[in-house]
Amino acid sequence: MSVRLPGASKPATAMAALSLPPLPLRAPPAAAPAISPPHSASASLKRLCKEGDLRQALHQLTARAPPPREHYGWVLDLIAARRAAAEGRQVHAHALATGSLDEDDDGFLATKLVFMYGRCGRVDDARRLFDGMPARTVFSWNALVGSYLSSGSASEAVRVYRAMRASAAPGSAPDGCTLASVLKACGVEGDGRCGHEVHGLAVKSGLDKSTLVTNALIGMYAKCGMLDSALRVFEWLQEGRDVASWNSVITGCVQNGRTLEALELFRGMQNSGFGMNSYTAVGVLQVCADLALLNLGRELHAALLKCGSEFNIQFNALLVMYARCGRVDSALRVFRQIDEKDYISWNSMLSCYIQNGLYAEAIDFFGEMLKHGFQPDQACVVSLSSALGHLGWLNSGREVHAYAIKQRLHTDLQVANTLMDMYIKCGSIECSAKVFESMSIRDPISWTAILASFAQSYRHFEALEMFQEVQKQGIKVDSMMIGSILETCSGLESLSLLKQVHSYAIRNGVLDLILKNRLIDIYGDCREVHHALNIFHTVEKKDIVTWTSMINCCANNGLLNEAVSLFAEMQKANIEPDSVALVSILVAIASLSSLTKGKQVHGFLIRRNFPIEGPVVSSLVDMYSGCGSMNYATRVFSGAKCKDVVLWTAMINATGMHGHGKQAIDLFERMIQTGLTPDHVCFLALLHACSHSKLVDEGKYYLDMMMSKYGLKPWQEHYACGVDILGRSGQTEEAYRFIESMPMEPKSAVWCALLGACRVHKNHDLAVVAANKLLELEPDNPGNYILVSNVFAEMGKWNSVKEIRIRMAERGLRKDPACSWIEIGNNVHTFTARDHSHRDSEAIHFKLAEITEKLNKEGYTEDTRFVLHDVSEEEKIDMLHKHSERLAIAFGLISTRPGTPLRIAKNLRVCGDCHEFTKLVSKMFEREIVVRDANRFHHFSGGSCSCGDFW
């Protein structure tokens, strides 16, 4: 048999093709038979190979020629283990030169060479050598299958197996090793069908009783996602199980996400008397990491220490387990104990810091890595980019990007995706887009990242164009992409686009719980409560986010009672509210002005030992002040241990809304003394307080402070407050000059403030200017038309009033009806003007007539100037008598004990006559009456109001 070295034309020239210098070879005499070396030489070579001394083994192999075939076999096994391809080629050349391959009738030596080349990654050389073999045994086929498998060519390994089956040569029938290798290849390829065929062959040939084959079957089925089949094979194995069997099935469960079953199997393994090895430990440590089972992880750690295991694979698994359980200190101790740290060790520790939010510490650790000569690889660049993104360190991120380009790591898909994410987090959308454009290969993560970057940076049309490109290229759209495009729908406030995306998600089957929750939010923003409610009802397993989204949707669209009812239903469904849900319901209760329900939620917080801090405590202050109870609001504020800017702002806003401008200023100054820096919202609350209390000079002072001292550029709302402060004090012309001096184009809020001031102070000429500007800027806001109409009515311009109302009708706009509500006991009772729908309507109207008659006797006269309708005087008086707040007051008087305070809320501004009426009622019946209208709070007591008749 003559088998030449791959790439050589004949044995004589084979040595010239080697990259290393040739070893001294001695050919045997032409006619002399081969002389076997003494027994001591054989034992010596075997010992050298066992000890791993390759150099001496090679020297001894070539000391005498020709050596026995088993000597070649020992040395080639050592070369394969070392993956020393150059030395393997030298031995191949030696075998050719000595004629050992010519005498290799059974293919033993050639098979050893095929195996060696395969293990050294020289699969092409292995294949050429195999193809030149005149006779092939099962061992030769196995060697070639193994060569392809170890080189990552699993599909080629399967093809060789099929060729082996087709050859039907004597002595080449697949054995247990063949099937085990092919099953591993099927697992790598995820080819369950082929694996099933191999399983059938194993059963037919009786090889299914081999533990080696059954273990491979378990591994194959698990990797192909057929875990139930893997478990059936494991159950069938019964008495034939070994440690590898248990390891295979435990690892299979972990790979398929069935970690609890993996844990049960591990317990079963222990109960069956099997001791764990390093592979068991790694598998179970992964379970501990996935389920955050810190105590079990510690038990395994102790067991590994007792048995003296010091393999890096175990240390690395321990490190990852501690990292996933949030124990960075323990992970670091394990890392320090590793004597020979490999790339996995360094990268795992770096990832540990990042997973636990210690981004600055991760950067420091990276410096340590560099000091130890560690060359950042792909995994390191990914981790480092993630840390820099969270820190927002753009310049350092660019340096990492440059390094990745220099080392040609930027072409890696994961690296490119992480670089995109890093640039997005650093606010550099352009750089992120450039990375995306430079990518030759993109996956759904790449497309999702670029879509999210455009949507989050308000580049909505670019996001839509990118989504269209996704569809053109036939890329499978997932829920993450839909989530990004939904943000675009929200940003564009496009109901039609939202419905299209919703339909697309349904058709493509990507409408998961997260998307449904987001759809509820966005439909709520578009004031489509009906659609939001339909989605809510389709969700079978509602989570806390689902309930919170629906509560917010109702609350933000004025369905306050429905929001409160949903909160009660959520509790009945045994869903524990979180801080977000509690803040949402407190906002709804504040808008509803339901003190009883607010106290119930506060009591719930106390009973559940919920931390009264952060957004929750601020919402409690807002809720109590919104319900008219400044005493409770102050107590909550005073009891807060940590007061941030949001809490101070809530309290400043509360005091301002209740007409205590001086107190609001005092609170602001106290906040400054604590070292906190006010933000835009804080100044807005302060300016509102100045406006409600007619503190003109103070308002001007703090508006100037906001810009000059704190460098805050005012919003439109701040300028509107400035106009309101001047306008309320009668300085309407100065307010107009203030508008003209604004560095930006004034929006509707500014003109609305001016129009309201002009109405109060009868500056009709300026009112017309403000009215025209207001309708020009917001032609679809019915509230603006009503305000303008009322101004024209006060001016007696009834033709203009008629014209405004016609324009409203043409646009299909309707005025929100005035309504008032009062809480009695645990129920909220709502009234509209001239309302007769209440069950106690007859008693309410009788009481109201009685009150009006008594007040008239005391000198009260209706001021019909506040009836802005072109009707008779008698009709105007009748309309005033039936305003909604009067009905609420009458109902409160007949439903409560004498002396009980009445708390009433109204969706519009209280008219001047009803304001005077309420003052007189508070004096006559000796009641404190708190009224919250659209502008502020009015505390009526003893015939006077806290607003000082200024609102």
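Just so you know, these numbers come straight off a predicted model, no measurement behind them.

Rules of the game
Residues numbered from 1 in each chain as written. Predicted model: local features only at pLDDT ≥ 70, side-chain atom pairs only at ≥ 80, totals over all residues. Heavy atoms only, no water. Helix = DSSP H or I, 4+ residues; strand = E, 2+ residues; numbered from the N terminus. Rg over C-alpha atoms; globule rule 2.2 N^0.38 Å. Buried < 20%, exposed > 50% of the residue type's maximum accessible area, 1.4 Å probe, protein only. Contact = heavy atoms within 4.5 Å. Lys, Arg positive; Asp, Glu negative; His and termini not counted. Charge placed at Lys NZ, Arg CZ, Asp CG, Glu CD. UniProt positions renumbered as here; feature names shortened; annotations may be inferred. Axes fitted to C-alpha atoms, helices over the stretch in contact; angles between N-to-C directions. Parallel < 35°, antiparallel > 145°, perpendicular 65-115°, else oblique. Left-handed = near helix turned anticlockwise from the far one by under 90°. Nonpolar A, V, L, I, M, F, W, Y, C, P; charged D, E, K, R; others polar. Pairing = 2+ DSSP bridges. Right-handed = clockwise from strand over helix to strand, strands pointing away. Phe/Tyr/Trp six-rings, centres within 6.5 Å; stacked < 30°, edge-to-face > 60°. Lys NZ or Arg CZ within 6 Å of the ring centre and 35° of its normal. Core = buried A, V, L, I, M, F, W, Y, C linked by side-chain atoms within 4.5 Å. Expected span 1.5 Å × (residues − 1). Polar contact = N/O pair within 3.5 Å; in protein donor to acceptor, adjacent residues only side chain to side chain. Salt bridge = Lys/Arg side-chain N within 4 Å of Asp/Glu carboxyl O.

Caption draft 1: Local environment of the overall build of the chain. The helix and strand inventory of the chain stands at 50 helices and six strands. In terms of C-alpha radius of gyration, the chain reaches 41 Å, well past the compact-globule figure of 30 Å for 951 residues. Taken over the C-alpha atoms alone, the chain extends approximately 145 × 60 × 55 Å along its principal axes. Burial analysis of the chain (951 residues in total) assigns 50% to the buried set. Considering only contacts in the chain between residues 6 or more positions apart, those separated by 24 or more positions represent 63%. Across the chain, the mean location of the 99 positive side-chain charges is 3 Å away from that of the 102 negative side-chain charges.

Caption draft 2: Just the UniProt feature "repeat: PPR" (unreviewed entry) in the chain, in detail. In the numbering used here, UniProt assigns the "repeat: PPR" (unreviewed entry) feature to residues 137-167, 242-276, 342-376, 443-477, 543-577 and 644-678. Note that residues 242-276 is 74% helix and 0% strand, and that its end C-alpha atoms are spaced 11 Å apart. For residues 644-678, the end-to-end C-alpha separation is 10 Å, with 74% helix and 0% strand making up the annotated structure.

Caption draft 3: View of the packing of helix α43 (residues 748-760) against helix α44 (residues 764-777). The interhelical angle for the contact between α43 and α44, taken along N-to-C directions, is 150 degrees, at an axis separation of 9 Å. Taken together, α43 and α44 sit at an angle that is classed as roughly antiparallel. Considering only the axes of α43 and α44, their crossing is left-handed. Contact residues: Ser748, Trp751, Cys752, Leu754, Leu755 and Cys758 in α43; Leu766, Ala767, Ala770, Ala771, Lys773, Leu774 and Leu777 in α44. Class assignment for the residues of the contact of α43 with α44 results in eleven nonpolar, one polar and one charged.

Caption draft 4: Region of interest: the pairing of strand β3 (residues 902-906). β3 sits mainly inside the fold: four of its five residues count as buried. Relative to β3, strand β1 (residues 819-824) runs antiparallel, the two being bridged by three bridges. Paired with isoleucine 822 across the bridge in β3 is isoleucine 904. For β3 and strand β4 (residues 929-932), the ladder comprises four bridges, and the chain directions are parallel. Counted as the bridge partner of isoleucine 904 is valine 931 from β4. Handedness of the crossover joining β3 and β4 through helix α50 (residues 912-924) is recorded here as right-handed.

Caption draft 5: Molecular detail of the packing of aromatic side chains. Evaluated as defined, the whole model comprises 22 aromatic pairs. Measuring from ring centre to ring centre gives 5.1 Å for tyrosine 624 and tyrosine 632, while their planes differ by 25 degrees; the resulting arrangement is stacked. Ring geometry for tyrosine 719 and phenylalanine 738: centres 5.9 Å apart, planes at 50 degrees, overall tilted. With tyrosine 719 in helix α41 (residues 716-728) and phenylalanine 738 in helix α42 (residues 732-740), the pair connects residues that are 19 residues apart, well separated along the chain. Every member of this aromatic cluster is reached through a ring pair, and the members are Phe335, Tyr343, Trp346, Tyr353, Phe365 and Phe374. The residue whose ring lies beneath arginine 241 is phenylalanine 234, and the NZ or CZ to ring-centre distance is 3.9 Å. For the cation-ring pair, lysine 643 lies above phenylalanine 637, with the distance from its terminal atom to the ring centre recorded as 5.2 Å.

Caption draft 6: View of the nonpolar core. By size, the foremost hydrophobic cluster in this structure holds 274 residues, and its most contacted members are Ile79 and Ile482. Not counting residues up to four positions away in its chain, the partners in contact with isoleucine 79 are Leu54, Leu58, Ala84, Glu87, Gly88, Val91, Met116 and Cys120. With 29 residues, the next largest nonpolar core counts Ile824, Leu893, Leu902 and Val931 among its residues.

Caption draft 7: Structural context of α43. Relative to the 18 Å expected for 13 residues at 1.5 Å per residue, α43 spans 18 Å between its end C-alpha atoms, a close match to the ideal helical length. Within α43, the full set of buried residues consists of Ser748, Val750, Trp751, Ala753, Leu754, Leu755, Ala757, Cys758 and Arg759. Its buried side turned inward, α43 meets α41, α42, α44 and α45 (782-794). Taken from the residues just after α43, lysine 762 is the one with a positive phi, measuring 60 degrees.

Caption draft 8: Molecular detail of the environment of asparagine 781. Here asparagine 781 shows up in the loop between α44 and α45. Separated by 734 residues in the primary sequence, asparagine 781 and arginine 47 have C-alpha atoms spaced 94 Å apart. A distance of 3.0 Å separates the side chain of asparagine 781 from the backbone nitrogen of glycine 783, its partner in a polar contact.

Caption draft 9: Region of interest: the side chain of asparagine 215. Inspection of the secondary structure puts asparagine 215 in helix α11 (residues 211-223). Only 3.2 Å separates the side chain of asparagine 215 from the side chain of aspartate 242, close enough to count as a polar contact. Setting aside anything within four residues of it in sequence, one finds asparagine 215 in contact with Leu237, Asp242, Ala244, Ser245 and Ser248.

Caption draft 10: Molecular detail of unusual backbone geometry. Even without being glycine, alanine 292 reaches a positive phi, approximately 55 degrees. Its location among the elements puts alanine 292 in the loop between α15 (278-291) and α16 (294-306). Its relative accessible area of 47% is what places alanine 292 among the partly exposed residues. In this model, lysine 762 sits at a positive phi of 60 degrees, which is unusual for a non-glycine residue.

Caption draft 11: Spotlight on the sheet that holds strand β5 (residues 937-941). Sheet architecture is open: six strands sit in the order β2-β1-β3-β4-β5-β6, paired in mixed fashion. In this open sheet, the two strands that pair with only one neighbour each are β2 (827-832) and β6 (944-945). Bridging between β5 and β6 involves two bridges; their strand directions are antiparallel. Residue serine 941 lies in a different strand from β6, and its bridge partner there is serine 944.

Caption draft 12: How the structure looks around the pattern of salt bridges. With the rule as written, the count across this model stands at 31 salt bridges. Here arginine 811 makes a salt bridge to aspartate 780, at a shortest N to O gap of 3.0 Å. Note that arginine 811 is positioned in the loop between α46 (798-810) and β1 and aspartate 780 in the loop between α44 and α45, a separation of 31 residues in sequence. With a closest N to O distance of 3.7 Å, lysine 857 and glutamate 853 form a salt bridge. In this pair, lysine 857 and glutamate 853 both sit in helix α47 (residues 841-857), four residues apart, roughly one turn of the helix.

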